[in-house]
Amino acid sequence: MLKKLFALSDQGERELKHGIVATTIGHLCIMAPISLLMLVTMGLLNRLCGETELTMQPGVIVLMAAVLLLLIFITQWVQYNLTYKVAYEESANRRITLAEKLRRLPLAFFGQRDLSDLTTTMMGDCSKLERIFSNAVPSLFGTVIMFVIVSVGLLIMDWRMGLCIVLPVPVATLILIAARKAQTKAESRNYDAHRAAYDGVQEYLDTIQELRSAGLEQEYLDGVEKKLDYVVKCAFRNELAPGTAVTLAQLTVRFGLVAVLLVGGLLVAQNMLSVNMFILYLLVAGRVYEPFGSCFMLMAELFSAFVSIERTKKMEATVEQTGQPVCKNNGYDIEFKDVSFSYNDELVLNGISFVAKQEQITALVGPSGSGKSTVSRLAARFWDADAGQVLLGGVDVTTVEPETLFKNYAIVFQDVTLFDDSVMENIRLGRAGATDEEVLAAARAAQCEEFVSRLPGGYYSNIGENGCALSGGERQRISIARAILKDAPVVILDEATASMDAENENLVQQALSVLLRGKTVLVIAHRMRTIANVDKVVVLEQGRVAETGTPEELLNQKGLFYRLAEAQTVHR
Ligand SMILES: Nc1ncnc2c1ncn2[C@@H]1O[C@H](COP(=O)(O)OP(=O)(O)OP(=O)(O)O)[C@@H](O)[C@H]1O
Ligand SMILES: [Mg+2]
């Protein structure tokens, strides 16, 4: 039950149970000195009443106190070790599981959830749960079990006095539970407000260039400021809801002591209760609520942690991309069989069928938004098709583990991503472990030499976050060098040379023609001259295949391809 409730691992659940047992014993041990106190008080009372005989030797009492002290120390130590060990190990496990999970998730997942949401789940929620498990859960269970045991004893000895001590606790708990709904609502709102503000700041930094050039910077900043103000408001409300409930609950349990005093005093006056018992209940009432002080606070924290647990569970429940660790493909033909695909319920590809043969260059052509990039992503299993099949050498790509499958692909994306590192390392990303000479050879083939020689540190120059120190064409050349270095049997080029001038494009095309020999090539290009010599053209229109054939055949057909080609000649 604990496992499911708190999204724990098997080991986590086992160790949490041990932690709870240790905490319960710990709390019970803290209650034990009451009996000792009772004995001493009785002795003193007897003395006051004129009895000379000692009920217990002082030496025995000191010895008992020492034994109790030792016992308290041991249980506290065990409890500390167990509960903190569980918390930190479980938190590390949870982060590793989430990271593993991320590796297996389809890219569609990252399109739906933005990055701040992911970081919050991975770092924020895990830290929160870490605190909860090291503190709240064992302490809560320990306190409740200790209280039940003590209550049974108290009720058996005298049910009237017992009730005075026991009753305030369920009442206080009810107050907390009643406030839970408001607390969860405030918690969710607080989380959303934080995320919106975080996204706002992030977006501002990402788009500062555009905002400044459009003269909208101040306007945008005003919007961000509003979001930040809202965060403060939400954070305050988020503290207020549990704060009020916890204070009320703590006040309620304090009534227990008052009730013992009143009811006990009344019963003693009517000779219905012995003074000894009255003192005993007074002592217990003074001590038994102590763990509840922090316990109620932890309970409120636990309620808020359920929001985090739900988020973690949701992420863990997302369908993974799995498959065999080997790919038994026969050759490297890529075949689309009646493939349909939608992003967020919006149909983008509708019954696409075509074959891109090995040793041939197949071009995907079509108006902007017709689905070319989407086809290239499905070919490499970045997403899984909703219907139909994508085959690599006769093997359905969904049966192969993405990591194994990716080894067969070298991809140059339309929007190149570079890392804040040197040119050398950015190219080496194509094939980890490639020697410097191999990297340099690939860089030269992709015409990087000319611009790299102008950088102050050459190939070892840092290119800034996402290559901000480079032009669009230069970034593309780095990306092409990566693909050349990887030398994979399937090459996908999505507008790979679109940002280059004609001279550079020609040189890169020459280098690519060597690389592409004998491979399966899918090329996407708007410029007709880039695809003049391809073996096959697949023309897409609104997510459907409109035409297929060689460039000459399609020009003669005078269909969409012809019109697209014509439009470009007219413009030129
Ligand atoms: N991550 C995404 N989430 C939602 N919709 C998307 C996403 N990526 C693309 N789309 C939509 O899918 C459709 C096809 O996009 P795709 O990028 O495949 O077009 P394209 O043919 O490559 O266009 P272009 O020539 O402009 O690159 C477009 O309508 C686009 O708005
Ligand atoms: Mg595209």
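Please read all numbers here as calculations on a predicted model, not as lab measurements.

S.K.: Whenever I open this one, the overall build of the protein confuses me. Can you help?
M.R.: Regarding its fold elements, the protein presents 21 helices and ten strands. Here the protein has a C-alpha radius of gyration of 36 Å; the compact-globule value for 572 residues is 25 Å, and the former is much larger. Across the 572 residues that make up the protein, the buried fraction comes to 44%. Residue pairs at least 24 apart in sequence account for 75% of intrachain contacts in the protein once pairs closer than 6 positions are excluded. Per element, the accessible surface of the protein, about 29500 Å² overall, is 60% carbon and sulfur. Computed over 54 positive and 64 negative side-chain charges, the inter-centroid distance for the protein is 5 Å.

S.K.: Just checking my understanding: could you explain the packing of helix α3 (residues 33-48) against helix α11 (residues 275-288) for this structure?
M.R.: Each packed pair of helices is defined by two parameters, the angle between the axes and the distance between the axes. It is at 10 Å that the axes of α3 and α11 come closest, and there the two elements cross at 140°. In the crossing of α3 with α11, the sense of the turn from one axis to the other is right-handed. The residues of α11 that touch α3, namely those facing Ile34, Leu37, Met38, Thr41, Met42 and Leu45, are Asn276, Ile279, Leu280, Leu283, Val284 and Arg287. Within the contact of α3 with α11, the residues separate by chemical class into nine nonpolar, two polar and one charged.

S.K.: What should I look at first to understand the sheet that holds strand β7 (residues 490-494) in this one?
M.R.: The pairing of strands in a sheet comes from backbone hydrogen bonds and takes either a parallel or an antiparallel form. Taken in spatial order, the six strands line up as β6-β7-β8-β3-β9-β10 in an open sheet, and their pairing is mixed. Where the open sheet ends on each side, the last strands, each with one partner, are β6 (409-412) and β10 (544-549). Sheet twist, expressed as the average angle between the axes of neighbouring strands with direction ignored, equals 15°. Two elements, strand β3 (residues 361-365) and strand β9 (residues 536-541), share four bridges in a ladder whose sense is parallel. Paired with leucine 364 across the two strands is valine 538, which belongs to β9.

S.K.: How do you make sense of the environment of aspartate 535 when you look at a structure like this?
M.R.: Inspection of the secondary structure puts aspartate 535 in the loop between β8 (520-524) and β9. Its relative accessible area of 36% is what places aspartate 535 among the partly exposed residues. In the structure, aspartate 535 is positioned 395 residues away from leucine 140 in sequence and 71 Å away in space, judged by C-alpha atoms. Ignoring sequence-local partners within four residues, the contact set of aspartate 535 consists of Glu359, Gln360, Ile361 and Thr550. For aspartate 535, the side chain forms a polar contact with the main-chain nitrogen of isoleucine 361, separated by 2.6 Å.

S.K.: What is the right way to look at a nonpolar patch on the surface in this model?
M.R.: Taken together, the side chains of Leu70, Phe73, Ile74, Trp77 and Val78 define a hydrophobic patch exposed on the protein surface, amounting to about 530 Å² of accessible area. Looking at the secondary structure, you find phenylalanine 73 in helix α4 (residues 58-104). For phenylalanine 73, a relative accessible area of 54% gives the class exposed.

S.K.: What exactly am I supposed to notice about the site of ligand 1 here?
M.R.: Close to ligand 1 lie Tyr343, Val348, Pro367, Ser368, Gly369, Ser370, Gly371, Lys372, Ser373, Thr374, Gln414 and His526, which account for all nearby residues. In the model, a nitrogen atom of ligand 1 is placed 3.5 Å from a nitrogen or oxygen of the tyrosine 343 side chain. Interatomic distance of 2.8 Å between a backbone N/O atom of glycine 369 and an oxygen atom of ligand 1. Within the complex, 66% of the 640 Å² of free accessible area of ligand 1 lies under protein. With three residues, helix α13 (residues 372-379) is the largest single contributor of residues to the shell around ligand 1. In terms of residue class, the shell around ligand 1 is built from three nonpolar, eight polar and one charged.

Rules used in this analysis
Residues numbered from 1 in each chain as written. Chains lettered and ligands numbered in written order. Predicted model: local features only at pLDDT ≥ 70, side-chain atom pairs only at ≥ 80, totals over all residues. Heavy atoms only, no water. Helix = DSSP H or I, 4+ residues; strand = E, 2+ residues; numbered from the N terminus. Rg over C-alpha atoms; globule rule 2.2 N^0.38 Å. Buried < 20%, exposed > 50% of the residue type's maximum accessible area, 1.4 Å probe, protein only. Contact = heavy atoms within 4.5 Å. Areas by Shrake-Rupley, 256 points an atom, 1.4 Å probe, with all protein chains shown as cover. Lys, Arg positive; Asp, Glu negative; His and termini not counted. Charge placed at Lys NZ, Arg CZ, Asp CG, Glu CD. Axes fitted to C-alpha atoms, helices over the stretch in contact; angles between N-to-C directions. Left-handed = near helix turned anticlockwise from the far one by under 90°. Nonpolar A, V, L, I, M, F, W, Y, C, P; charged D, E, K, R; others polar. Pairing = 2+ DSSP bridges. Polar contact = N/O pair within 3.5 Å; in protein donor to acceptor, adjacent residues only side chain to side chain. Patch = residues over 30% accessible without salt bridge, like charges linked within 9 Å, V, L, I, M, F, W, Y side chains within 5 Å. Salt bridge = Lys/Arg side-chain N within 4 Å of Asp/Glu carboxyl O. Near = heavy atom within 4 Å.

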